[in-house]
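A structural walkthrough
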Amino acid sequence: IHDLDQQLNEWKDRREIFSLQDETAGELFPVFAFDSNTGPEVSEAIPRVLEIFGDRLSNWGIAAWFMTGSSYLDGESPKDLVEEDPNRVIAAARDEMNEVSHG
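Rules and cut-offs
- Residues numbered from 1 in each chain as written.
- Predicted model: local features only at pLDDT ≥ 70, side-chain atom pairs only at ≥ 80, totals over all residues.
- Heavy atoms only, no water.
- Phe/Tyr/Trp six-rings, centres within 6.5 Å; stacked < 30°, edge-to-face > 60°.
- Buried < 20%, exposed > 50% of the residue type's maximum accessible area, 1.4 Å probe, protein only.
- Helix = DSSP H or I, 4+ residues; strand = E, 2+ residues; numbered from the N terminus.

Below, the discussion takes up the packing of aromatic side chains. Given two aromatic rings, their pairing is described by the distance between the two centres and the angle made by the two planes. According to the stated counting rule, one finds five aromatic pairs in the structure shown. With 5.0 Å between their ring centres and 75 degrees between their planes, Trp 65 and Phe 66 make a pair best called edge-to-face. Like Trp 65, the residue Phe 66 is buried in the burial classification. Through successive ring pairs, a cluster of aromatic residues spans Phe 18, Phe 32, Phe 53, Trp 65 and Phe 66.

Here it is, written out as structure tokens:
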């Protein structure tokens, strides 16, 4: 488990994944961020989305974006498409940031 903790921290430091702090549970990582086909590897869309969002969204804001249905994704939530259609999720993040900046 120590190795996994170390790996999670490395990914977080490189901004390839994000986490949430919960008073009761401690640090939480999103399960959907991991590619179920390759074991403990971060899905390719996650670091790209984090790069697009930069520091404009808090980690809670990022989590909410992944969980919420998107009109860009025909009502599906980004978390449900991370594995099967990462490029569409990345495009949805770009679209989200364009809407935020144009307001």
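Now that the structure is up, let's keep going.
Turning to unusual backbone geometry, a few remarks are in order. Unlike most non-glycine residues, Arg 15 shows phi in positive territory, near 55 degrees. Here Arg 15 is to be found in the loop between helix 1 (2-13) and strand 1 (20-22). Arg 15 gets classed as partly exposed once you look at its relative accessible area, which sits at 31%. Despite not being glycine, Asp 74 shows a phi value in the positive range, around 55 degrees. Mapped onto the secondary structure, Asp 74 falls in the loop between helix 3 (59-67) and helix 4 (78-81). Judged by relative accessible area, Asp 74 falls into the exposed class, the value being 67%.

Geometry only, nothing functional implied.
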